[in-house]
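What follows is the residue order along each chain.
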Amino acid sequence: MFNNKKSVFDKINDFLVKKNHELVMSIYLANYNGNNIYIRLDYVPKLSVYKVVWVDLNFLNVKHIEDYINIQMMTKYISNKIIEKLSTFECESGFKLNEDIIGDRVEILTYFNGNKEYVFDRFLPLEWEGLIDPLALIFSYLPRGMEVFLNEIFGKFDGTEESYNCIKPVKFNLLKGDSTKIFRPLSIEKGTDIFDKNKVSFLEKVDNRYLAIVEDRIPYLVVIEEVDKEHVLMWCNCKANYFCKHIYAVLLAIREKKFNNFYKVKFLGKDETLLDKVTLRNFYFSFGIRNGKLYLLTPDGVILPISPVQNGKLLFEVIEDDDDCNLSSALNEFKLK
Ligand SMILES: [Zn+2]
């Protein structure tokens, strides 16, 4: 809603001014992993103390600000440390934005030695190292769950950038993008080998998502989602903390149009609880039978092996098979055993 009313930040400030708070520093996590969190370091002259204030804007009801604002007193020692660090941090204001990143913006304002503004996307730039201590000290007063933001913000210093980037949308053209920019050389080499050996056994596009099974030591599920025209989200359940060889093999398969639809099966059993984890649809994607189990994909991207028979009866009906009806015959054989 567009209107001329005061911003939520002004309303929070008004509330705090009434409590004799003076803003010293603020940190706004804007759409950071989907969260909008406003954090402040305030000075209360009447009491000569510093306080940490934080508000989760996703849940804030501006009519009852007092119920949503969290205020925590800070010890003198810690607040002196922060002030000491801030007063020696002499970088000019700056905007270090990264257009490859969607969301994950951090806006830091300091009202110390004049107003300064430091804005960056996802990772604190190396040249602003002087903000590490003030941020870490302020975050030590926040709920422990908020540490995840701080760890990610410090990714450039910890060398963990890639592990954060690879679980989020990345700016990449699926069909033409230069893969050497986001894949490691070894992933490209091994992924090419996997693709050449036809180990991308299933690949199907559903809406804006590609689902694929890659046969490595075990079958891995790869999901590649076109978030918008420029960004893709690429995920593999092998849990590598970078874009892995399986994802690269699937990328090649997409580019070479080597599609092979999943089997679709319908659950016939009456025991709803057996499959209530996967009942978002009335049919399931499957990549066949291995080691006596029927392998299904759950809608949230988990591989689920399940016994296809119960008391001699088949629990599944095949509604989409391959040209040779491999799954139907495998299921029938199963029943006869
Ligand atoms: Zn993988």
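Keep in mind that what you see is a predicted model, and the values were worked out from it rather than measured.

A. Highlighting the coordination of the zinc ion. Within the protein, the zinc ion binds to Cys236 (SG), Cys238 (SG), Cys244 (SG) and His246 (ND1); these donor distances fall in the range 2.1 to 2.3 Å. Its four donor atoms give the zinc ion angles of 106 to 114 degrees at the centre, a pattern that matches the tetrahedral case.

B. Examining the packing of aromatic side chains more closely. Inspection of the entire model under this criterion finds 17 aromatic pairs. Seen in terms of ring centroids, Tyr43 and Tyr50 are 4.7 Å apart; in terms of plane orientation they differ by 45 degrees. Their pairing is tilted. Taking relative accessible area as the criterion, Tyr50 reaches 15% and is therefore assigned buried. Consider the rings of Phe267 and Phe316, whose centres lie 5.4 Å apart with planes at 55 degrees: the pair is tilted. Placement of the pair is Phe267 in strand S13 (residues 263–267) and Phe316 in strand S19 (residues 316–320), with a sequence separation of 49 residues. Joined through ring pairs, the aromatic side chains of Phe202, Phe262, Tyr263, Phe285, Phe287 and Tyr295 make up one cluster. The ring of Tyr242 carries the charged tip of Arg184 above its face, separated from the ring centre by 3.8 Å.

C. Inspection of helix H9 (residues 245–255) at higher detail. Of all eleven residues in H9, nine are buried, a share of seventy percent or more. Within H9 the residues assigned to the buried category are His246, Ile247, Tyr248, Ala249, Val250, Leu251, Leu252, Ala253 and Ile254. In this fold, the buried residues of H9 make contact with helix H8 (185–196), strand S9 (200–206), strand S10 (209–215), strand S11 (219–226) and strand S12 (231–236). Once H9 finishes, Lys257 follows within two positions and takes phi at roughly 55 degrees, a positive value.

D. Here's a closer look at the pattern of salt bridges. The full count for this structure, using the stated rule, is 19 salt bridges. The closest approach of N and O atoms between Arg290 and Glu215, which form a salt bridge, is 2.8 Å. Of the two residues, Arg290 sits in strand S14 (residues 283–290) while Glu215 sits in strand S10, which places them 75 residues apart along the sequence. Look at Glu215 and you get buried, because its relative accessible area is 18%.

E. Looking closely at the layout of surface pockets. Approximately 460 Å³ is the volume attributed to the largest pocket. For the largest pocket, the lining is made up of 21 residues, of which Asn98, Asp100, Ile101, Asn165 and Val170 are closest to its centre. For the lining of the largest pocket, the secondary-structure elements that each account for two or more residues are strand S7 (116–121), helix H7 (161–165) and strand S8 (170–171). Sorting elements by how many residues they give to the lining of the largest pocket places H7 first, with three residues. Looking at side-chain class alone, the lining of the largest pocket contains ten nonpolar, two polar and nine charged residues. Looking at the lining of the largest pocket, you find at least three residues from each of domain 1 (8–165) and domain 2 (170–255).

F. Structural view of the nonpolar core. Grouped together as the largest cluster of nonpolar side chains are 36 residues, with contacts concentrated most on Ile27, Leu29, Ile39 and Leu131. Excluding anything up to four places from it in sequence, Ile39 contacts Met25, Ser26, Ile27, Leu29, Val52, Val53, Trp54, Ile138, Phe139 and Leu142. Counting residues in each nonpolar core, the second largest holds 30 residues, with Ile182, Ile188, Tyr210 and Ile247 among its members.

G. Spatial organisation of the sheet that holds strand S15 (residues 293–297). Spatial strand order, S16-S15-S14-S13-S19: five strands in an open sheet with antiparallel pairing. A strand with exactly one partner marks an edge of an open sheet, and here the two such strands are strand S16 (303–306) and S19. Recorded for the sheet is a direction-independent mean angle of 45 degrees between the axes of neighbouring strands. Its contacts with the sheet put helix H10 (residues 326–336) on S13, S14, S15 and S19, and the angle it makes with S14 is roughly 65 degrees.

H. Inspection of the pairing of S9 at higher detail. Judged by how many residues are buried, S9 sits mostly within the fold: six of seven residues are covered. As paired elements, S9 and S10 share six bridges and run antiparallel to each other. Opposite Val200, over in S10, you have Val214 as the bridge partner. Connecting the antiparallel pair S9 and S10 is a turn made up of two residues, with Asp207 showing a positive phi of about 55 degrees.

Rules used throughout
- Residues numbered from 1 in each chain as written.
- Predicted model: local features only at pLDDT ≥ 70, side-chain atom pairs only at ≥ 80, totals over all residues.
- Heavy atoms only, no water.
- Donors = N, O, S within 2.8 Å, 3.2 Å for Na, K, Ca; no water.
- Tetrahedral: all angles 85-135°; square planar, octahedral: opposite > 155°, others 65-115°.
- Phe/Tyr/Trp six-rings, centres within 6.5 Å; stacked < 30°, edge-to-face > 60°.
- Buried < 20%, exposed > 50% of the residue type's maximum accessible area, 1.4 Å probe, protein only.
- Helix = DSSP H or I, 4+ residues; strand = E, 2+ residues; numbered from the N terminus.
- Lys NZ or Arg CZ within 6 Å of the ring centre and 35° of its normal.
- Contact = heavy atoms within 4.5 Å.
- Salt bridge = Lys/Arg side-chain N within 4 Å of Asp/Glu carboxyl O.
- 1 Å grid on protein atoms, 1.4 Å probe; cavity = no way out; pocket = protein on both sides within 12 Å on 5 of 7 lines; lining within 4 Å.
- Points joined across faces, edges and corners; volume = space filled by probe spheres on them.
- Nonpolar A, V, L, I, M, F, W, Y, C, P; charged D, E, K, R; others polar.
- Domains from an automatic or database assignment.
- Core = buried A, V, L, I, M, F, W, Y, C linked by side-chain atoms within 4.5 Å.
- Pairing = 2+ DSSP bridges.
- Axes fitted to C-alpha atoms, helices over the stretch in contact; angles between N-to-C directions.

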